[in-house]
Amino acid sequence: MKKFSLVLPIKIELNNYLGDGGTTNDLDRLIQIQLYTFNKFIDRDSLDKFYIVGRPDEIGKIEEECVKHYPDFPFVFMSEKEITPTIKHENWKHIVNPGHLIQQIVQLGISKFVDTEHYIILNCDNFLTRPFSYNDMFHRGKVIFTGIENPEKPHPIHFWQHSINVLNENVTDITADKNTKSGLYGNTLSYKKFMSVTPQIYITKEIKNMLKLIENKYDEEWCKALFDRTRGAAASWSESSLYWTYLTMNNKVEDLYSFSDVGLFGNELWRYAEDAAMQRMVDKYLNEIDLVFNQKKIGEWRT
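Residues numbered from 1 in each chain as written. Predicted model: local features only at pLDDT ≥ 70, side-chain atom pairs only at ≥ 80, totals over all residues. Heavy atoms only, no water.

A. Summary view of the overall build of the chain. Looking only at helices and strands, one finds 11 helices and 16 strands in the chain. Residues counted as buried form 49% of the 303 residues belonging to the chain. For the chain, the proportion of contacts with a sequence separation of at least 24, taken over those separated by at least 6, is 77%. When the accessible area of the chain is evaluated, it comes to approximately 14,200 Å², of which 47% is carbon and sulfur surface. (Helix = DSSP H or I, 4+ residues; strand = E, 2+ residues; numbered from the N terminus. Buried < 20%, exposed > 50% of the residue type's maximum accessible area, 1.4 Å probe, protein only. Contact = heavy atoms within 4.5 Å. Areas by Shrake-Rupley, 256 points an atom, 1.4 Å probe, with all protein chains shown as cover.)

B. Examining the packing of aromatic side chains more closely. Summed over all chains, the structure comprises 18 aromatic pairs. Considering the side-chain rings of Y134 and F138, the 5.1 Å spacing of their centres and the 50 degrees angle between planes classify their relative orientation as tilted. Relative to Y243, the ring of Y202 lies with its centre 4.7 Å away and its plane at 50 degrees, an arrangement referred to as tilted. Taken as a pair, Y202 in strand β15 (residues 200-203) and Y243 in helix α9 (residues 239-249) lie far apart in primary sequence, 41 residues in all. Of the two residues examined, Y202 and Y243, each falls in the buried class. Members of the aromatic cluster, joined through ring pairs, are Y119, F145, Y202, Y243, W244, Y257 and F259. Positioned above the aromatic ring of F41, the side-chain terminus of K40 is 5.7 Å from the ring centre. (Phe/Tyr/Trp six-rings, centres within 6.5 Å; stacked < 30°, edge-to-face > 60°. Lys NZ or Arg CZ within 6 Å of the ring centre and 35° of its normal.)

C. Local environment of the pattern of salt bridges. Per the counting criterion, the structure on display carries 11 salt bridges. We note a salt bridge from D115 to K49, for which the minimum N-O separation is 3.3 Å. Of the two residues, D115 is situated in the loop between α5 (98-109) and β6 (118-121) and K49 in strand β4 (residues 47-54); the sequence distance between them amounts to 66 residues. On the basis of relative accessibility, which here comes to 57%, the residue D115 falls in the exposed class. Across the pair R55 and D57 runs a salt bridge whose closest N-O atoms are separated by 3.1 Å. Residue D57 is classed as exposed on the basis of its relative accessible area of 57%. Connected through shared salt-bridge partners, D48, K49 and D115 make up one network. (Salt bridge = Lys/Arg side-chain N within 4 Å of Asp/Glu carboxyl O.)

Without other data, these values stay purely geometric and don't point to any function.
Shown next as structure tokens:
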């Protein structure tokens, strides 16, 4: 049976964006909500490995907690340094919010380690709401994704502009045209849809091909080339904008991905919640989690 992999970069304590200077404990969210739902809903025959990648000083604690609560889950625990062993502080000291970029580097570099044709990238605030198996990754034979029609929040235009600059400096224009097939037309890159944010499904072979192109283009290791071409924040690429741009400029994104309305969190397979919502709801989920997830159909909520 064909399988998929899961990939989760994690930092235990994250600064939240609520303006109060507080933090969010992603290890708690992983153990108490995400893995609870994965344990309940993921088809184990479809899952090859769940790669959890953390900082060198944190991965031991993460492994200890995950194995204690879910001893039979097919975890693979890795340090960030195992993904990019040649990267050092001087490679990213010029970057605003380097941790965010390191997370994205991990999501690309893990392609060298996974054994499956597809892997799903996650954040700790992604969780399942109903059963999920290998076949749920496809719609009419193509991979599903969650898309946006225009390059705006949560995946605004600067990510796409910087990704194009990395991959093909000859592209001078971007268009969002839902009536035109995605692809490169002269010096114009036309997107029917743009890939949105996590969770998303990546095709392992295509990620590897993109990284090889970057290395050949800049004659250096792909992660160093990417770090040299970002300053972080609004002056940066993202991992999914790079990937989606690579597929689009090679005129094959619509051959691989389904452009229907089915998506990982758009069709209720997965739910996504911002920190503020998770903070408000965590106690209710823990107290009534069976009530929340044992509904006969999507949208049937008891009060």
